Amino acid sequence: MVTNVGFGLMVTRAGHRSFILQYRASHRSRRMLIGDTKKIGLDKARKEARKALGDVAGGGDPLEERKRAEWQAENTLEAICKEYLKREGVRLRSKSQIEGALRRVVYHPNKIGSRQIEDIRRSDIVRLLDQIEDERGPVAADFSLSIVRKIMNWHARRSDDFRSPIVSGMARSNPNERKRERVLSDDELRAFWKASGELTGPFGPLLRFILLTAARRMEAASLTWNDIVGNDWIIPAVRYKTKNETVLPLSRAALEVLASIPRVDGVDYVFSTGTRPIGGFSQFKAKFDSNSGLTNWTIHDLRRTARSLMSRAGVSTDHAERCLGHAMGGVRGTYDRYAYHAEKKRAFEALAAQIDRIINPQHNVVPMRNTAAVELDCANKSPAGEGGAR
């Protein structure tokens, strides 16, 4: 039995036993759960009860302080980021990439993740962006800004009081200035193909697959064996940028890349170093660059290179754009619902053939026959040859 003030044991009808403390604070009777008897011993429970009663004697309310501490733990920027990923992660096309960025710029010690989100000011965001820009460049700073902005806006829609400190104009680079035009040259493609074939692990096949399918990095990295149906790659809407399910017919060369990858029981992802999709691209790429000699390029440049090679191979603009999943504008985009599967299949085969011609130039050489032998052969087949010289 619990008196008006004191330490005791509460037993529910189901037989659950817990230590509790009954006390009065601000003229109210309060009951605070100390802990399950299976998780906390009697001596420790008594110590916590005595400490709480000491706080009450000093004018405090231990139960309210506990609730405030729990709320504060749930209201840090790090906690809110994790809640955002928990609730919205299934709809995020690049969840693993976002998680990696948050670990680097928010959760890492001395960052702002441990701060209460209401206490984070605009100047704090500016200092964080300064640090990222100094360490990783303006594009990385802008990427981090876009993630934190999205999470803060999400939290603001769920909060009565919070207002995001992020405003327009905080980006560190102009999007128009960031547009890249980098396309790998034929010599670079030969070096790329050679180095990607020499790598152990999933990164080399991933690079080749991206080039052969003109896919975005995270769409390819998240590929599962279940996404391959026959000779098609079916990308679920949640993992595709346009939020539409997309079917990409795979060329023979792309299927050969997949066939070279051993399947591991219990692992759904094609390009994986464990049970999760491949990550740590910067480390893999640094080693690849060292082996290949390629410089000043990004993985996304492979998509632009593939698109350029399609044009070089004579693929029509319409079909090439559909291979890249680009939406068609205007009336055509609204009313033209034809899937263009056969056209995309031919386009991807043309891309693979163009790549093969570049990386294997010796296949394009037609050996010349001996001139004298040709002339003799022609003479033997001529009417004069059949009837003798006139």
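Above this text is the structure in question.
Residues numbered from 1 in each chain as written. Predicted model: local features only at pLDDT ≥ 70, side-chain atom pairs only at ≥ 80, totals over all residues. Heavy atoms only, no water.

(A) Just the overall build of the protein, in detail. Along its length, the protein carries 18 helices and 6 strands. Here the protein, with 390 residues, has 41% of them falling under the buried criterion. For the protein, contacts bridging at least 24 residues in sequence account for 58% of all contacts bridging at least 6. When the accessible surface of the protein is totalled, it reaches about 23,100 Å², and 50% of it is carbon and sulfur. (Helix = DSSP H or I, 4+ residues; strand = E, 2+ residues; numbered from the N terminus. Buried < 20%, exposed > 50% of the residue type's maximum accessible area, 1.4 Å probe, protein only. Contact = heavy atoms within 4.5 Å. Areas by Shrake-Rupley, 256 points an atom, 1.4 Å probe, with all protein chains shown as cover.)

(B) Representation of the nonpolar core. Membership of the largest hydrophobic core comes to 52 residues, with the highest contact counts inside it found for Phe-192, Phe-203, Phe-209, Trp-233, Phe-271, Phe-288 and Leu-302. Dropping the residues within four chain positions of it, Phe-203 is found in contact with Ile-278, Phe-281, Phe-284, Lys-285, Phe-288 and Ile-299. Residues Ala-101, Val-106, Ala-141 and Leu-145 belong to the second largest nonpolar core, which totals 29 residues. (Core = buried A, V, L, I, M, F, W, Y, C linked by side-chain atoms within 4.5 Å.)

(C) Seen up close, the pairing of strand S2 (residues 17-25). Across the 9 residues of S2, 7 count as buried, placing the element largely inside the fold. Looking at chain direction, strand S1 (residues 6-11) and S2 are connected through 6 bridges and run antiparallel. In the sheet register, Leu-9 faces S2, and the bridge partner there is Phe-19. Bridge count between S2 and strand S3 (residues 28-36): 8 bridges; the pairing is antiparallel. Pairing of Tyr-23 across the sheet is with Arg-30, part of S3. The antiparallel hairpin formed by S2 and S3 contains 2 residues in its connecting segment, where Ser-26 sits at a positive phi of about 55 degrees. (Pairing = 2+ DSSP bridges.)

(D) How the structure looks around the packing of aromatic side chains. Inspection of the entire model under this criterion finds 9 aromatic pairs. An angle of 75 degrees between the planes, with centres 5.3 Å apart, marks the rings of Tyr-84 and Trp-154 as edge-to-face. Separated by 70 residues along the polypeptide, Tyr-84 in helix H3 (residues 77-88) and Trp-154 in helix H6 (residues 138-158) bring together distant segments of the chain. Pair check on accessibility: Tyr-84 and Trp-154 agree, each one buried. Over the face of the ring belonging to Tyr-240 we find Arg-216, whose NZ or CZ atom lies 5.2 Å from the ring centre. (Phe/Tyr/Trp six-rings, centres within 6.5 Å; stacked < 30°, edge-to-face > 60°. Lys NZ or Arg CZ within 6 Å of the ring centre and 35° of its normal.)

(E) The sheet that holds S2, seen in detail. Judged by pairing direction, the sheet is antiparallel, and its 3 strands sit side by side in the order S1-S2-S3 without closing on themselves. One side of each edge strand has no neighbouring strand; the edge strands of this open sheet are S1 and S3. When strand polarity is set aside, the average angle formed by the axes of neighbouring strands in this sheet is 35 degrees. Each of S1, S2 and S3 is contacted by helix H1 (residues 42-57), which is oriented at about 10 degrees to S2, the strand it contacts most. (Axes fitted to C-alpha atoms, helices over the stretch in contact; angles between N-to-C directions.)

(F) Looking closely at empty space enclosed by the protein. Counting across every chain of the model gives 1 cavity of 30 Å³ or more. Counted as a void, the largest cavity has a volume near 30 Å³. Considering the residues around the largest cavity, the lining is formed by Ile-125, Leu-128, Leu-129, Ser-144, Leu-145 and Val-148. Of all the elements in the fold, those that place two or more residues in the lining of the largest cavity are helix H5 (122-136) and H6. Residues belonging to the lining of the largest cavity are distributed by class as follows: 5 nonpolar, 1 polar and no charged. (1 Å grid on protein atoms, 1.4 Å probe; cavity = no way out; pocket = protein on both sides within 12 Å on 5 of 7 lines; lining within 4 Å. Points joined across faces, edges and corners; volume = space filled by probe spheres on them. Nonpolar A, V, L, I, M, F, W, Y, C, P; charged D, E, K, R; others polar.)

(G) A look at a negative patch on the surface. A cluster of acidic side chains, namely Glu-118, Asp-119, Asp-160 and Asp-161, defines a negative patch on the protein surface. Within the secondary structure, Asp-161 sits in the loop between H6 and helix H7 (175-178). (Patch = residues over 30% accessible without salt bridge, like charges linked within 9 Å, V, L, I, M, F, W, Y side chains within 5 Å. Salt bridge = Lys/Arg side-chain N within 4 Å of Asp/Glu carboxyl O. Lys, Arg positive; Asp, Glu negative; His and termini not counted. Charge placed at Lys NZ, Arg CZ, Asp CG, Glu CD.)

(H) Geometry of the sheet that holds strand S5 (residues 232-235). The strand order across the open sheet formed by 3 strands is S4-S5-S6, and the pairing between neighbours is antiparallel. At either end of the open sheet lies a strand with only one pairing partner, and these are strand S4 (228-229) and strand S6 (246-249). Across the face of the sheet, helix H16 (residues 341-359) comes into contact with S5 and S6 while running at roughly 45 degrees to S6.

(I) Layout of helix H11 (residues 252-259). Of all the positions in H11, only Ala-254, Val-257 and Leu-258 are classed as buried. Take H11 and look down its axis: the buried residues cluster within an arc of 100 degrees, on one side only. Every exposed residue of H11 that faces more than 90 degrees away from the buried side is listed here: Arg-252, Glu-256 and Ala-259. (Arc of directions from axis to C-beta.)

(J) Focus on the environment of Gly-6. Along the polypeptide, Gly-6 turns up in strand S1. You can call Gly-6 buried: its relative accessible area is 15%. Between the C-alpha atoms of Gly-6 and Ala-49, which are 43 residues apart in sequence, the distance is 8.3 Å. Not counting chain neighbours up to four residues away, the residues in contact with Gly-6 comprise Ile-20, Leu-21 and Gln-22.

(K) Local environment of the layout of surface pockets. Each pocket or cavity is described by its volume, and for the largest pocket that value is around 2,100 Å³. In terms of lining, the largest pocket is formed by 47 residues, of which the most central are Gln-97, Val-139, Phe-143, Arg-217 and His-300. For the lining of the largest pocket, the secondary-structure elements that each account for two or more residues are helix H4 (95-107), H5, H6, H7, helix H10 (217-221), helix H12 (281-292) and helix H13 (301-312). Among the elements that make up the lining of the largest pocket, the one with the highest residue count is H4 (8 residues).

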